[in-house]
Amino acid sequence: RYREVSFGPTVEDRGVEGTRRGGKSLQKVNERLLEKNPAESLLFDVVLIATDSQQQSSRIISSTSHYGLEVGRFCFSSREDLVETLVVNNVQLFLSTDRDEALQVSQKGVLSALLGRQEAPSESLRVMLCGDAIVRPDCDPVPASRGAAQSFSARLGEMRGRFGVSGSPLSIVLVTSSGGSKSCGVALQTLRSRGLSVDEAYCLAGAPRGPILSLLRPHFLLGDGVIDLED
Amino acid sequence: MVKMSLDPVQVKELNVSPSPNGDSRASWEEEEVEEEEEDRLGIATKTKPVSVTDLSSVSPSLCFRLAARMSRTQKLSLPDSRFPFQEASDRGSSELFTTSLFKVWCLRCPPVAHQWGGASDKVTGRRARKVEGGVFFPKPENAVTVAVSSRVLFRTELEQRVFEQKGVEEYLRYQIEHENEPFAPGPAFPFVKALETVNARLRELYPQSEELFDIVLVTYNHAHVGIRLINTINHHNLFIERFCMTGGSSPIGYLKAWQTNLYLSADADKVREALAEGIAAATMFMTEKLTEVSESQLRVAFDGDAVLFSDESERIFKAHGLDKFFQHEQDNEDTLLDHGPLKGFLEALGKLQKKFYAKGQRLDCPIRTYLVTARSAASSGIRALKTLRAWGLEIDEALFLAGAPKGPMLEKIRPHIYFDDQMFHVEGAAEMGTVAAHVPYGVAQKHNQPQKPGARK
């Protein structure tokens, strides 16, 4: 069973750019997983979704091969059908550079994340989780993507667990923005109970996020759809 | 502490005027006003001689002028090596004057609220963590941010050994296993507690202000250790709400992002990196002996050269010896010293002190700063004081030891932390129970290698 990660652009250049940034690191994770276990089934599968016309599509395909990105599948969908396309393709994480698009998708129940804006030179795939969402278990209304988030973090934890503490091609970073150290501790414990061990933890307690984010340089930022991700 | 003779020394031909007590202006400002009416050396022309032991009425600016006068009109035979204070009373009158003058220097504001010996005001029971009112998450640019690593805030020697002997996986497993056992307090713990005491006082006076101490835990540690660290923070009732656990990567970038004013770590390499980035930083070591420190007043002591000031004078001393050093200092008395790595932190402390003064709490100020230097009062010390004055920095007590060992003096002051650039002094202080932090800056580093090897992380 594959972990489907889909890159969804609305403008194809952004999509390729996004794919390029995250894609290399994703590939590295897959490579290392297969090194350890050639029969590994818990891998990343990248689906590139283009919501523009057919003409642009061929450009996308040639661009991705030009960059040497292993895209499992290409999907062409209209904007209105985006969520349906994601569901049909069993996408577990939708990545976008467009915050509104990501928000829209997550409101329909598919977990989505933003692609990091900075060039992340680090080889390892850095996935950042916004802890504030994790700590608010009973907020009203419960985000539609809550269930998807929980199962995703469990799978991510499984994947992370295949590697040791150091030299892992996958790093999990937890950032809590508003609560104090106690609530960050709760987030750490909650994630651990889901099977996800965090590598780095930052508790901002109200400090501006920008400077820290620009140092962290995550590839993916996972929130609850309600976090204002400015950098 | 050695008993020094406090017999009044009548100073002939020196006309001084006592400064009024409880003056709301800072003493430095006072001096500016009087400048016009005075002679070349800046001494007022009133005729009432005053005994030098009438300490409560002697302001530092007065002492300053006394010293200036002294160095010009009287040839003081200065010892060219440390002299033990117990012999002071056996020596000639000029050195006795130096001793008395030294004592005069020491007291800017007569200690009303506390004794020299460092009163321990024990707070019974645990302080309630819930505080009403006030700002708790100040913006980093407004607060005085102090970043501490987990190894200096708490005692982690056992865990360090596990890491060194058995590797990182075993280390993390051990930490998780002992997650509910809080760490014991480390060398920076009393300092951090004192910062919180100051914060409590600041919040009382200025409930809406963000000009507070903000303590951030910045550690290399992996987030697996996070829960144990948070449990420990809660156990000790510490108010640390911000932290960075970088999981092995360098914390230096985060120091800048937090606009750190002071970084304390057990790792000398990280401290050096921070200093290179312009962040005040010092290495701390665990000592077995720890004297009690005040729980109501934060006391911070600084060495002069290569800590508050640049190391230029130390270079002269190391290259050409003590005589050349004195000569150089005298020739350059009116040239300001360049600033050192901890000048900014002293400045930050001064800003907070002024907030207390503004509310009429000068005598009861919960922050007290000390200069503890091997310079001598009547000669090389003048340049140091002139520099501080030009920078607009006030220091509460200035101790000019003229080469005497710092340990006993520090033991009397009982600072929560003492910054020095020479390991020799740091170790000397530690032997007598003072928490001393090493600032690896300047020319002294080539000559004094730390006795302990720089440990990892």
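Treat the numbers as computed from the prediction; the structure is a model and nothing was measured.

A. Inspection of the overall build of chain A at higher detail. The number of helices and strands found in chain A is eight helices and nine strands. Within the span of chain A, comprising 231 residues, buried residues form 56% of the whole. Residue pairs at least 24 apart in sequence account for 76% of intrachain contacts in chain A once pairs closer than 6 positions are excluded. Total accessible area on chain A stands at roughly 9,700 Å², and carbon and sulfur atoms take up 49% of it.

B. Structural detail: helix α10 (residues 268-276) of chain B. All names here are of chain B. Along α10, the residues classified as buried are Ala-268, Lys-270, Val-271, Ala-274 and Leu-275. Projection of α10 onto a plane perpendicular to its axis shows the buried side chains occupying an angular sector of 160 degrees, all on one side. Of the surrounding elements, those touching the buried residues of α10 are α9 (252-257), β6 (260-265) and β7 (281-284). Of the residues flanking the start of α10, the one acting as N-cap is Asp-267, its side-chain oxygen 2.9 Å from the backbone nitrogen of Asp-269.

C. Here's a closer look at the environment of A:Gly164. As for its position among the elements, A:Gly164 is in the loop between α6 (146-161) and β7 (170-176). Expressed as a C-alpha distance, the spacing of A:Gly164 and A:Gln92, which sit 72 residues apart in the sequence, is 25 Å.

D. Local environment of unusual backbone geometry. For A:Asn90, which is not glycine, the phi torsion reads 55 degrees and is therefore positive. The backbone phi angle of B:Ala306 is positive, close to 65 degrees, even though this residue is not glycine. For B:Ala306, the position within the fold is in the loop between β8 (298-302) and α11 (312-320).

E. Spatial organisation of the packing of α11(B) against helix α12 (residues 322-331) of chain B. Residues and elements named next belong to chain B. Contact pair α11 / α12: the axes reach a minimum separation of 7 Å and the direction vectors enclose 145 degrees. As α11 packs across α12, the resulting crossing turns out to be right-handed. Contact with α11, carried on its side by Glu-312, Ser-313, Ile-316, Phe-317 and His-320, involves Leu-322, Lys-324, Phe-325, His-328 and Glu-329 of α12 and no other residues of that element. Its residues assigned to classes, the contact of α11 with α12 comprises four nonpolar, three polar and three charged.

F. Broad picture of the pattern of salt bridges. Residue and element names in this part refer to chain B. Going through the model one piece at a time under the given rule, you end up with 26 salt bridges over all chains. For the salt bridge of Glu-159 with Arg-228, the shortest nitrogen-to-oxygen distance reads 2.9 Å. With Glu-159 in helix α5 (residues 157-166) and Arg-228 in helix α8 (residues 226-235), the pair connects residues that are 69 residues apart, well separated along the chain. Arg-228 shares its class with Glu-159; the two are buried.

G. The interface of chain B and chain A, seen in detail. The partner chain A presents 28 residues to the 27 residues of chain B that form the contact. Of all residues in chain B, B:Ile227, B:Phe243 and B:Tyr254 bury the most surface against chain A, accounting for 24% of the area lost on that side. Run the count over chain B and chain A and you get one salt bridge. Close ionic contact of B:Glu179 with A:Arg192 constitutes a salt bridge, the shortest N to O distance being 2.6 Å. One can count eleven residue pairs in polar contact (both at pLDDT 80 or more) joining chain B with chain A. Those elements giving two or more residues to the side of chain B that touches chain A turn out to be α6 (168-177), α8, β5 (242-245) and α9 of chain B. Its residues assigned to classes, the side of chain B that touches chain A comprises 15 nonpolar, eight polar and four charged. In terms of strand pairing, strand β8 (residues 200-203) of chain A meets β5(B) through three bridges, oriented antiparallel. Following the sheet pairing, A:Ala201 is matched in β5(B) by B:Met245.

H. Main features of the nonpolar core. Residue and element names in this part refer to chain B. Formed by 137 residues in total, the largest nonpolar core has its most connected members in Leu-264 and Phe-419. Here the element with the most residues in this core is helix α7 (residues 189-205); it accounts for eight residues. Setting aside anything within four residues of it in sequence, one finds Phe-419 in contact with Leu-262, Leu-264, Ala-282, Val-300, Ala-301, Phe-302, Asp-303, Val-307, Leu-342, Phe-345, Ala-437 and Val-439. Leu-399, Ala-404, Leu-410 and Ile-413 belong to the second-largest nonpolar core, a separate cluster that totals 15 residues.

I. Representation of the side chain of B:Lys355. Examined against the element boundaries, B:Lys355 turns out to sit in helix α13 (residues 343-358). Apart from residues lying up to four places away in sequence, B:Lys355 is in contact with B:Leu202, B:Tyr206, B:Ser209 and B:Glu211.

J. The arrangement of the confidence of the model for chain A in detail. Residues and elements named next belong to chain A. In the predicted model, chain A carries a mean pLDDT of 77, and 74% of its residues have values of at least 70. Element-level mean pLDDT values for chain A span from 58 in strand β1 (residues 3-7) up to 95 in β8. Below a pLDDT of 50 lies the segment residues 9-13, which in the model reaches 18 contacts outside its immediate sequence neighbourhood of four places, other chains included. A low-confidence stretch, residues 225-231 stays under pLDDT 50, and its non-local contacts, those more than four residues away or across chains, total 23 contacts.

K. Summary view of the side chain of B:Thr219. Examined against the element boundaries, B:Thr219 turns out to sit in strand β4 (residues 213-219). From its side chain, B:Thr219 meets the backbone nitrogen of B:Asn221 in a polar contact 2.9 Å long.

L. Molecular detail of the pairing of strand β4 (residues 93-96) of chain A. Residues and elements named next belong to chain A. Residues of β4 alternate between two faces, with Leu-93 and Leu-95 on one and Phe-94 and Ser-96 on the opposite face, all of them buried. As defined by bridge partners, β4 adjoins strand β5 (residues 112-115) across three bridges and the pair is classed as parallel. Counted as the bridge partner of Phe-94 is Ser-112 from β5. Handedness of the β-α-β unit built from β4, helix α4 (residues 99-107) and β5 comes out right-handed.

M. Region of interest: the domain arrangement of chain A. All names here are of chain A. With domains assigned, chain A is organised as domain 1 (3-114) and domain 2 (125-222). On the domain 2 side, the residues contacting the 25 residues of domain 1 number 19 residues. Summing both partners gives a buried area of about 2,100 Å² for domain 1 against domain 2, and 70% of it is carried by carbon and sulfur. In this structure, the connection of domain 1 to domain 2 is made through one salt bridge. One salt bridge connects Glu-40 with Arg-162, and the closest N-O pair in it is separated by 2.8 Å. There are three residue pairs in polar contact (both at pLDDT 80 or more) connecting domain 1 and domain 2. Residue assignment for the side of domain 1 that touches domain 2 shows that the elements contributing at least two residues are α1 (12-36), β4, α4 and β5.

N. How the structure looks around the packing of helix α7 (residues 181-193) of chain A against α8(B). Running from N to C, α7(A) and α8(B) cross one another at 145 degrees; their axes reach a closest spacing of 10 Å. When you trace α7(A) past α8(B), the crossing you get is left-handed. From α7(A), A:Ser181, A:Lys182, A:Cys184, A:Gly185, A:Leu188, A:Gln189 and A:Arg192 reach across to α8(B), where they touch B:Gly226, B:Ile227, B:Ile230 and B:Asn234. Here the residues of the contact of α7(A) with α8(B) are counted per class, giving four nonpolar, five polar and two charged.

O. Broad picture of the pairing of strand β10 (residues 397-400) of chain B. All names here are of chain B. Every second residue of β10 is oriented toward a common face, with Glu-397 and Leu-399 on one face and Ala-398 and Phe-400 on the other, all of them buried. Across four bridges, strand β9 (residues 367-373) lies against β10 in parallel orientation. Residue pairing across strands places Val-372 opposite Leu-399, the latter belonging to β10.

P. The arrangement of the environment of B:Leu202 in detail. All names here are of chain B. Inspection of the secondary structure puts Leu-202 in helix α7. Classification of Leu-202 as buried rests on a relative accessible area of 1%. Separated by 151 residues in the primary sequence, Leu-202 and Gln-353 place their C-alpha atoms 9.8 Å from one another. Leu-202 has contacts with Glu-211, Leu-212, Leu-352, Lys-355 and Phe-356, leaving out every residue within four places of it along the chain.

Rules and cut-offs
- Counting restarts for each chain, with residues numbered from 1 along the sequence as it is written.
- Numbering of ligands from 1 and lettering of chains from A proceed in the order in which they are written.
- Local features in this predicted model are restricted to residues of pLDDT 70 or higher, and side-chain atom pairs are both shown and tallied only at a pLDDT of 80 or more, whereas totals for entire chains, interfaces and linings draw on every residue.
- Only hydrogens and water are removed before side-chain values are computed, so all heavy atoms of the structure are retained for them.
- Strands are runs of DSSP state E lasting at least 2 residues, helices are runs of H or I lasting at least 4, and numbering of each runs from the N terminus.
- The classification of residues rests on relative accessible area computed with a 1.4 Å probe and restricted to protein chains. Under 20% of the type maximum is buried, over 50% is exposed, and intermediate values are partly exposed.
- Working rule for contacts: check all heavy atoms of both residues, and any pair within 4.5 Å makes them a contact.
- Exposure was quantified through the Shrake-Rupley algorithm and a 1.4 Å probe, taking into account, for residues, occlusion by the shown protein chains and nothing else.
- The arc in question is the one spanned by the directions pointing from the helix axis to the C-beta atoms.
- Here a polar contact means two N or O atoms within 3.5 Å. Within protein one must be a hydrogen donor candidate and the other an acceptor candidate, and residues neighboring in sequence count only if both atoms are side-chain atoms.
- Interaxial angles span 0 to 180 degrees and are taken between N-to-C directions of axes, which are lines fitted to C-alpha atoms, for helices over the stretch in contact.
- For any helix crossing, the convention is left-handed if the near helix is rotated counterclockwise from the far helix by under a right angle, and right-handed if that rotation is clockwise.
- Nonpolar residues are Ala, Val, Leu, Ile, Met, Phe, Trp, Tyr, Cys and Pro. Charged residues are Asp, Glu, Lys and Arg, and all others, Gly as well, are polar.
- What counts as a salt bridge is simple: a side-chain nitrogen of Lys or Arg found within 4 Å of a carboxyl oxygen of Asp or Glu.
- When two parts are brought into contact, each loses some accessible area as probed by a 1.4 Å sphere; the total of that loss over both is the buried area.
- A pair of strands is labelled paired if DSSP reports no fewer than 2 bridges between them.
- As used in this record, nonpolar core signifies buried Ala, Val, Leu, Ile, Met, Phe, Trp, Tyr and Cys residues forming a set joined through side-chain atoms within 4.5 Å.
- pLDDT expresses how confident the predictor is about each individual residue, on a scale running from 0 to 100.
- Orient the strands so they point away from the viewer, and a crossover whose first-strand-to-second-strand path over the helix runs clockwise is right-handed.
- Where each domain starts and ends follows an automatic or database-derived domain assignment.

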